[in-house]
Structure formats: structure tokens, C-alpha cells
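A look at the structure
Below are the chains, spelled out letter by letter.
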Amino acid sequence: MMKRLFLIIAFWAAGVAGASAQMRLTLPQALDLALSENPTVKVAEMEVQRYDYVKRQTWGNLLPQISASGSYTRSIVKSEMRGGISFGADNTFAVQGDLSLPLFAPSVYRTLKMNDAQMATAVEAARASRIDLTAEVKKAFYNILLAEQSLAVLRESEATVQRTVDDTQVQYKHGLASEYDLLTAQVQLSNLKPTILQTENSIKLAKLMLKMYLSIPEDVEIEVVGELDALRDDVLAGTDGLTTDVTDNSDLRSLELQEEVLRRSLKAANAGRMPTLAAFWTHPIAVGLQLAVPIFSGLTKMNRSRELKNQISQLSLQRSYARQQIDVQVRSALNDLLTARETMYAQELTVEQARKAYKISDTRYRAGAGTILELNSAQLSQTQAQLNFSQAIYDYLSAKAEYDRIVGREHGNK
């Protein structure tokens, strides 16, 4: 909670004088805020705490059990002997204290080991929630950068087309351009507006998604820091150290731990067939040992053991199949990474070529040697090349976030 307050105060400080609160977020700040405030992570951490309480309850079964009881009896009719002699008091008070101490309790010992396995499962589930949230926050952050980069490209394209419309209109007035050229330029300008509006809406939706992950109120404006195209160097260096090792995959680890819980549960269930020994003391007159030997319980314990063995077999099959699926997923993620990287290389070259082609076409059109169709085609090619370049960077970063999730890489780990 303190981290959240600190970030809010720090990020809102620049917008105190404005009409509404605003936060500027870098990706590391967004991740830190999400991991400290997202309800999914909080619930997972509370589940770890719950299993700590469960283990303490089990420990309590090994501690002395003390109880006290009292009774009061009022005699309405006393017992009488022959001759009219009555006996017994009118009022009787009785107080009794009992203390029991387990000396040998196999099922409790086995249950404690099962509690340790349950705790490990809860810890892994909390780790999984952090890994999944990290991947989703990264994707949402990169999605905003992509939409903003696309909007900037479209705005630039709009300004370029508007300049062409203005120039063509002047030429048309002086009889140097046809009405067809003017209409064609105006139509191209009009066609850009719906795309720009759609991109602006996508930015709003992407920011709403990020605010949801970060538990930020909807009425708080956020500004993400960074440019997608500036992350080009991250793409170039991002394939170092990639591997197909999925040992730390959270899904696999969770299945392994669940199987361990079942094995511990089986041992605890089997321990229920063993005798237990406890010492007792009853105030004020009795002390001794109590031995309990299970003899027959309607086959419930035997069938419980069979049930657990069946579950272990099921989970073993699930884990084997999950391993095959995850092996395919990690290879697919690596393929997506490499494909996006090569696409970025190709699109980077295409952008330079498209810019050069547009300059040539624009010069030819203004000199009267080219047509408006050539100019429009060159301008559209330049815009599409720039959008494709940004999309390739986004595809790589998004695939990298998914790869980190599959291999079980947490935020902050290299």
C-alpha cells in the first residue's frame, strides 16, 4: 500500500495544477504497481497465508488438550431408605478438569508433511499469478505504445496528404491540375479520418486495460513513457540466452506439487489405520494412558486410499501431456520471436525504400511529370511500411512477454 501511495504522489505531482489527475508510467513502474496492487496477486498471497494457518491448526493436534466441566444438581426428591431415613444433599456441585497429551499420532505427523506440500503449491500459485500478470501488463503497455506510434504515423500521413490537397487545389485554380487530381487527393484525405478515429479509440481502450491491471481508477489519466520504435535495439539484443528449457514453467511445477500433495494425502490416509497413544489426567483422581487401535471403519479408509491413488494416476497423465503441450508452446514462442525479428529487419529496409520512393514521386508530381495516382500510391506505401515496422516490433515484444511466461521468468529476472 505504501508503494502505491508513493507512486501516486510522485506521478501526480506534475499534474497538481491541472484539472484532472494524471500519472506518467514507465514499464518498470507499471509492473511494480501491478504486482503490489492487483487483486489477483493479493488473493494468491492471502492463500499462502491461509495454508500457514492450516498448518498451525494441524500443529495444534500435538499440543495438550485441556478442558474443564462443571455441573450443579438440585435434588427435588431425596432418596429414602426404609425407616424414612433420607440421604444426599439438596444441592450438589461437581467440577472436573481433563488434560490429554498425544504421545504417538502418526496421522498428525503425515498431515503436517501434507501441509508443507500444500504451502508449496500455494507459493507456486502466487508465483504463477505474478508471472501471468507481468506478461499481461507488458502486452497492454506495448499495445498502447503501438497504438500511439500508429496514430503518430497516421497524423503525419494526414498532414502530408493535406499538403498535397492544398497544393493540388492551388494548381487546379491555375489550370495546372485536373479536377480528377483534386478529388483523388481529397478522397485519400477523407479515407484517413476513420482510421485515425479508430486508432484514437484503441488507445483509450488499451489504457483502460492497463489501468485495470494496475488497479488505477478510470478517471485517472495515464501517460505511458516511451516510444515503440525506440525499442528496436531491444529486439536486436533480445534473442540472447533464449532456451527451450521449461523447468520453471509454473503450470508444470503446479502439477508436480499437486501430485506431491496427493502422495502426502495418501500417506496421511494410510496413517489413519495406525494406533494412537495419548496420556491423560483427570482432576482430581485419575491419570493414565489411552491407546486407540482402529479395527474396522466400514472400508472407508481403504476406499479413500484407492481414490487418492486414482487421482495420482490421473495427475501423472495430465502432467505428461501438459509437458508435451508446453514444449510445443515454447518452440512456437521462439519461432514467433525470430519471425518478428526478421520481419522487423525487412520492414526497416522497406521503410527507407518507401520514403525514397515517395520523395521521387512527390518531386515528379510537382514537376508535372508524375500523376496523382503515383503520388497516392507512394504515400500509402510509405504509411503502410511505417505501420508494419512498428507492428513487427510490437509482435516481437509481445512474443517475448509470452515466452517469459511460458519458461516461468518472473519480473526482474534476466
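Refer to the preceding data block for the structure.
Residues numbered from 1 in each chain as written. Predicted model: local features only at pLDDT ≥ 70, side-chain atom pairs only at ≥ 80, totals over all residues. Heavy atoms only, no water.

1. Quick look at the overall build of the protein chain
Threshold: Labels follow the DSSP assignment, with helices taken as runs of H or I lasting at least four residues and strands as runs of E lasting at least two, numbered in each case from the N terminus. Both definitions apply: the radius of gyration is a C-alpha atom measure, and the globule rule equals 2.2 Å times residues to the power 0.38. Relative accessibility thresholds used throughout: buried, under 20% of the residue-type maximum; exposed, over 50%; partly exposed, between the two (1.4 Å probe, protein chains only). Only heavy atoms enter the contact rule, under which two residues are in contact if any of them lie within 4.5 Å. For every accessible area listed, the method is Shrake-Rupley and the probe measures 1.4 Å; residues are considered covered only by the protein chains on display. Neither His nor the chain ends is counted toward charge; the positive residues are Lys and Arg and the negative residues Asp and Glu. Taken as the charge location is NZ of Lys, CZ of Arg, CG of Asp or CD of Glu.
Of regular secondary structure, the protein chain possesses nine helices and eight strands. Whereas a compact globule of 414 residues would reach a radius of gyration of roughly 22 Å, the protein chain reaches 37 Å, over 25% beyond that. Counting only C-alpha atoms and orienting by the principal axes, one finds that the protein chain spans roughly 145 × 50 × 35 Å. Counting only residues that meet the buried cut, the protein chain has 37% of its 414 residues in that class. Within the protein chain, contacts between residues separated by at least 24 positions form 80% of all contacts whose residues are at least 6 apart in sequence. When the accessible surface of the protein chain is split by element, carbon and sulfur atoms take 56% of a total near 24100 Å². Taking the 46 positively charged and 47 negatively charged side chains of the protein chain as two groups, their mean positions are separated by 10 Å.

2. Thoughts on the pattern of salt bridges
Oppositely charged side chains may form a pair once their charged atoms are brought near each other. Note the threshold: Each salt bridge in this description consists of a side-chain nitrogen of Lys or Arg and a carboxyl oxygen of Asp or Glu lying within 4 Å of one another.
The tally for this structure, following the rule as stated, stands at 29 salt bridges. For glutamate 37, the salt bridge identified is with lysine 42, shortest N-O distance 3.4 Å. In this structure glutamate 37 comes out as buried when scored by relative accessible area, which is 6%. With a relative accessible area of 35%, lysine 42 lands in the partly exposed category. A salt bridge links arginine 323 to aspartate 327; the nearest nitrogen and oxygen atoms lie 3.4 Å apart. Separated by four residues within a single helix, arginine 323 and aspartate 327 lie in helix H8 (residues 300-366), roughly one turn from each other. In this structure arginine 323 comes out as partly exposed when scored by relative accessible area, which is 39%. One network of salt bridges, in which partners are shared, links Glu124, Arg127, Asp248 and Arg253.

3. Looking at empty space enclosed by the protein
Rules: Only protein atoms enter the 1 Å grid, on which a cavity is a set of points fitting a 1.4 Å probe that cannot get out and a pocket is an open set with protein on both sides within 12 Å along at least 5 of 7 lines, lining residues being those with an atom within 4 Å of a point. Grid points are joined across faces, edges and corners, and a volume is the space filled by probe spheres set on the points.
On inspection of all chains with the given rule, the structure shows one cavity of 30 Å³ or more. In terms of lining residues, the largest cavity is bounded by Ile131, Thr134, Ala135, Lys138, Ala401, Asp404, Arg405 and Arg409. Breaking the lining of the largest cavity down by element, the ones donating at least two residues are helix H4 (106-173) and helix H9 (372-407). In terms of residues, the lining of the largest cavity owes the most to one element, H4, which gives four residues.

4. Considerations on the packing of helix H2 (residues 27-37) against H4
As a reminder, the rule being used: The angle between two axes is taken between their N-to-C directions and runs from 0 to 180 degrees, where each axis is a line fitted to C-alpha atoms and a helix contributes only its stretch in contact. In these notes the angle categories are as follows: under 35 degrees is roughly parallel, over 145 is roughly antiparallel, 65 to 115 is roughly perpendicular, and the rest is oblique. Working rule for handedness: look at the near helix, and if it is turned counterclockwise from the far one by less than a right angle, call the crossing left-handed; if clockwise, right-handed.
With their axes 10 Å apart at the nearest point, H2 and H4 run at an angle of 140 degrees to one another. Here H2 lies oblique to H4, going by the angle between them. The handedness of the crossing between H2 and H4 comes out as right-handed. Where H2 abuts H4, its residues Leu27, Ala30, Leu31, Ala34 and Leu35 lie against Arg130, Leu133, Thr134, Val137, Lys138, Phe141 and Tyr142.

5. Let's talk about the pairing of strand S1 (residues 22-25)
Heads up, the condition is: A strand pair is defined by DSSP finding two or more bridges across the two strands.
Residues Met23 and Leu25 point to one face of S1 and are all buried, whereas Gln22 and Arg24, pointing to the other face, are not buried. The pairing of S1 with strand S6 (residues 221-224) spans four bridges and is classified as parallel. Bridge pairing in S6 links glutamine 22 to glutamate 221.

6. A few points about the nonpolar core
For clarity, the cut-off: By nonpolar core we mean a set of buried residues, namely Ala, Val, Leu, Ile, Met, Phe, Trp, Tyr and Cys, connected to one another through side-chain atoms within 4.5 Å.
Val137, Leu210 and Leu214 are the most contacted members of the largest nonpolar core, which totals 58 residues. Those elements that place two or more of their residues in this core are S1, H2, H4, helix H5 (179-214), S6, helix H7 (250-271), H8 and H9. Each residue touching leucine 210, except ones within four places of it in the same chain, is listed here: Val137, Ala140, Phe141, Ile144, Ile222 and Val224.

7. Examining the environment of threonine 195
Tracing the backbone shows threonine 195 in helix H5. In this structure the C-alpha to C-alpha distance between threonine 195 and serine 150, which are 45 residues apart in sequence, comes to 10.0 Å.

8. Description of the environment of leucine 208
Within the secondary structure layout, leucine 208 lies in helix H5. Distance from leucine 208 to valine 220, taken between C-alpha atoms, is 10.0 Å for residues 12 residues apart in sequence.

9. Digging into the sheet that holds strand S7 (residues 276-283)
Taken in spatial order, the four strands of this open sheet run S2-S5-S7-S8, and their pairing is antiparallel. Since the sheet does not close on itself, it has two edges, and those belong to strand S2 (65-74) and strand S8 (286-292), each with one partner. The average undirected angle you get between the axes of adjacent strands in this sheet is 20 degrees. Relative to strand S5 (residues 91-104), S2 is paired through 10 bridges, and the arrangement is antiparallel. Counterpart to glycine 70 in the pairing with S5 is valine 95.

10. Re a nonpolar patch on the surface
Rules: Residues enter a patch when their relative accessible area is above 30% and they make no salt bridge; the linking distance is 9 Å between like charges and 5 Å between nonpolar side chains (Val, Leu, Ile, Met, Phe, Trp, Tyr).
A contiguous nonpolar surface patch, about 520 Å² in accessible area, is contributed by Leu101, Leu103, Phe104, Tyr109, Met274 and Leu289. Here the nonpolar patch takes three residues from S5, the largest share from any one element. Residue placement: leucine 103 occurs in strand S5.

11. Considering the packing of aromatic side chains
Applied cut-off: Side-chain rings of Phe, Tyr and Trp (the six-membered ring for Trp) are treated as a pair once their centres are within 6.5 Å; stacked means planes under 30 degrees apart, edge-to-face means over 60, and tilted covers the remaining angles. Each ring is checked for a lysine NZ or an arginine CZ that lies within 6 Å of its centre and within 35 degrees of its normal; such an atom marks a charge sitting over the ring.
One pass over the full model with this rule turns up one aromatic pair. An angle of 40 degrees between the planes, with centres 5.0 Å apart, marks the rings of tyrosine 72 and phenylalanine 93 as tilted. Taken together, the positions of tyrosine 72 in strand S2 and phenylalanine 93 in strand S5 put the pair 21 residues apart, joining distant regions of the chain. Looking at tyrosine 72, the relative accessible area reads 48%, which means it is partly exposed. Sitting above the plane of the tyrosine 51 ring, arginine 50 keeps its charged end 4.5 Å from the centroid.

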